[in-house]
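Breakdown of the fold
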Amino acid sequence: MTAPGVIVVNTLGGALHHYARGLAATLRASGARVWVTHIDEPSVAGRSGIDWVRRYLLALWAARRAAGRGAARVIVTWPVLGHLDRVVLRVLLGQRVEAALVVHDPHPLVRARGYGVVARRIGALARHVRLIVHSETAAAALREDCPDAVPELLPHPVVPRAATVAAPTSDDRPVVRVLGQFKPDRDLDLLTGIGRAIGRSHRLEIIGRRWPEVDGWSVTDAFVDEDQLDALLVTADAVVVPYKRFFQSGIAIRALELGTPAVGPAGSSIADLYPDDRWLGDGSVSSWCDAIASASTAERDETRALASRADRVCRAAWAEWLAR
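The following paragraphs examine the structure supplied in this document. (Residues numbered from 1 in each chain as written. Predicted model: local features only at pLDDT ≥ 70, side-chain atom pairs only at ≥ 80, totals over all residues. Heavy atoms only, no water.)

Turning our attention to the packing of aromatic side chains. Scanning the model with the defined rule gives four aromatic pairs in all. Between Phe-182 and Trp-211, the aromatic rings sit 5.2 Å apart at their centres with planes inclined by 70°, giving edge-to-face as the arrangement. Taken together, the residues Phe-182 in the loop between strand S7 (175-179) and helix H7 (188-198) and Trp-211 in the loop between strand S8 (203-207) and strand S9 (218-220) connect sequence positions 29 residues apart. Under the relative-accessibility criterion, Trp-211 is labelled buried at 6%. (Phe/Tyr/Trp six-rings, centres within 6.5 Å; stacked < 30°, edge-to-face > 60°. Helix = DSSP H or I, 4+ residues; strand = E, 2+ residues; numbered from the N terminus. Buried < 20%, exposed > 50% of the residue type's maximum accessible area, 1.4 Å probe, protein only.)

Here's what the structure looks like:
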């Protein structure tokens, strides 16, 4: 039997470059032949939003032509036009090509087009475009907004990677980091509480753009590129994901891949990565501090074993999806 052909159209070539690589690796491990097309977003390409849409449409048209050479399935990693992408995919790819759209954030954390009532109604016309989500919370939100939708819940790709841990510094306190730019859904009250409780026993650092000052934390307002991100993850004893609301944390996934525990809220998608709740916090600051203490003293081999487990689960799920 000929291996299935899949084209991955990564519409956020900068922000989701790592995700697209992980997805391609997972699909190849499941027996697929995979091609990846990266389309840089306006902030990376230095071009307009209209040009981004144009390049996206051209990539889909090229994918349709490639279908004649054995690539019968297309996966788009992020909606450029929100729910309107469903119609765009159906029209440009035609009936011969099976289309799937990954919906990471059914309720985007930043301003985005194509998620209003009218866009959702138009999107519902393209019933045969498959919608992929990576968490049950995302699936529930999508079903609520779009009663016509039948989201397919598949694990976020996890690709364990070897990492060299830097030599220890003169400061022997555990290093705990928050990484990524500030968004309104970051829980500043929680971080302030953590800073007051363990700011002396732990080195607490926030690195990302547009962060305000937070008591007990060292804040660095700076953009973190791909190479820097890996280094900051590897040299941390634990990473904190202090969102009030989120559907999936790419930072938590990348930390796990490199053997660094991620501390996040109980009941979130981060819980899917771990067999118990020792690295999860509930509504109290003390529970988060306990989770940070447990994570920052964890053995790297233990975390790497969890990454390998998540990778096996992910590959099996995607292999089943390819076979449908």
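On to H7. For H7, the set of buried residues is Leu-190, Leu-191, Thr-192, Gly-193, Ile-194, Gly-195 and Ile-198. Check the buried side of H7 and you find it contacts S7, S8 and helix H10 (285-296). Two to three positions downstream of the cap, the backbone nitrogen of Asp-189 sits 3.4 Å from a side-chain oxygen, assigning the N-cap of H7 to Asp-187. (Contact = heavy atoms within 4.5 Å. Polar contact = N/O pair within 3.5 Å; in protein donor to acceptor, adjacent residues only side chain to side chain.)

Below, the discussion takes up the sheet that holds strand S11 (residues 262-265). With respect to topology, six strands assemble into an open sheet ordered S9-S8-S7-S10-S11-S12, the strand pairing being parallel. Of all the strands in the sheet, just S9 and strand S12 (280-281) have a single pairing partner and so form its edges. Of the pairings in the sheet, the one linking strand S10 (residues 238-240) to S11 comprises two bridges and is parallel in character. Bridging across to S11, Val-239 finds its partner in Ala-262. The strands that helix H8 (residues 226-234) touches are S7, S8 and S10; relative to S7, the one it contacts most, it runs at about 145°. (Pairing = 2+ DSSP bridges. Axes fitted to C-alpha atoms, helices over the stretch in contact; angles between N-to-C directions.)

By the definition in use, this model includes two cavities of 30 Å³ or more. Within this model, the largest cavity holds a volume of roughly 40 Å³. Around the largest cavity, the lining residues are Pro-79, Gly-82, His-83, Arg-86, Leu-101, Val-103, Tyr-115, Leu-131 and Leu-142. Considered as a void within the structure, the second largest cavity measures approximately 30 Å³ in volume. Lining the second largest cavity, in full, are Tyr-274, Pro-275, Asp-276, Arg-278, Trp-279, Glu-302 and Leu-306. (1 Å grid on protein atoms, 1.4 Å probe; cavity = no way out; pocket = protein on both sides within 12 Å on 5 of 7 lines; lining within 4 Å. Points joined across faces, edges and corners; volume = space filled by probe spheres on them.)

For helix H11 (residues 300-323), with 24 residues, the first-to-last C-alpha span of 35 Å sits near the 34 Å given by 1.5 Å per residue. Along H11, the residues classified as buried are Arg-300, Thr-303, Leu-306, Ala-307, Ala-310, Asp-311, Cys-314, Ala-317, Trp-318, Trp-321 and Leu-322. (Expected span 1.5 Å × (residues − 1).)

Attention now moves to the pattern of salt bridges. For the structure on display, the rule yields 20 salt bridges. Salt-bridge contacts for Arg-161 lead to Glu-257; the nearest nitrogen and oxygen are separated by 3.6 Å. In this pair, Arg-161 is assigned in the loop between strand S6 (152-153) and S7 and Glu-257 in helix H9 (residues 250-257), connecting sequence segments 96 residues apart. Taking the shortest distance from any N to any O, the salt bridge between Arg-278 and Glu-302 comes out at 2.9 Å. Of the two residues, Arg-278 sits in the loop between S11 and S12 while Glu-302 sits in helix H11, which places them 24 residues apart along the sequence. Linked by salt bridges that have partners in common, Arg-73, Glu-98, Arg-130, Glu-152 and Arg-324 make up one network. (Salt bridge = Lys/Arg side-chain N within 4 Å of Asp/Glu carboxyl O.)

One open sheet holds the six strands; their spatial order is S2-S1-S3-S4-S5-S6, and the pairing between them is parallel. Taken across any chain shown, the strands that pair with only one partner, and hence form the sheet edges, are strand S2 (33-38) and S6. Pairing geometry for strand S1 (residues 5-10) and S2, over six bridges, is parallel. Its bridge partner lying in S2, Val-6 is registered against Val-34. Those strands touched by helix H3 (residues 49-66) are S1, S2 and strand S3 (73-76), and its axis lies near 175° from that of S1. Its contacts with the sheet put H11 on S1, S3, strand S4 (98-102), strand S5 (130-133) and S6, and the angle it makes with S3 is roughly 135°.

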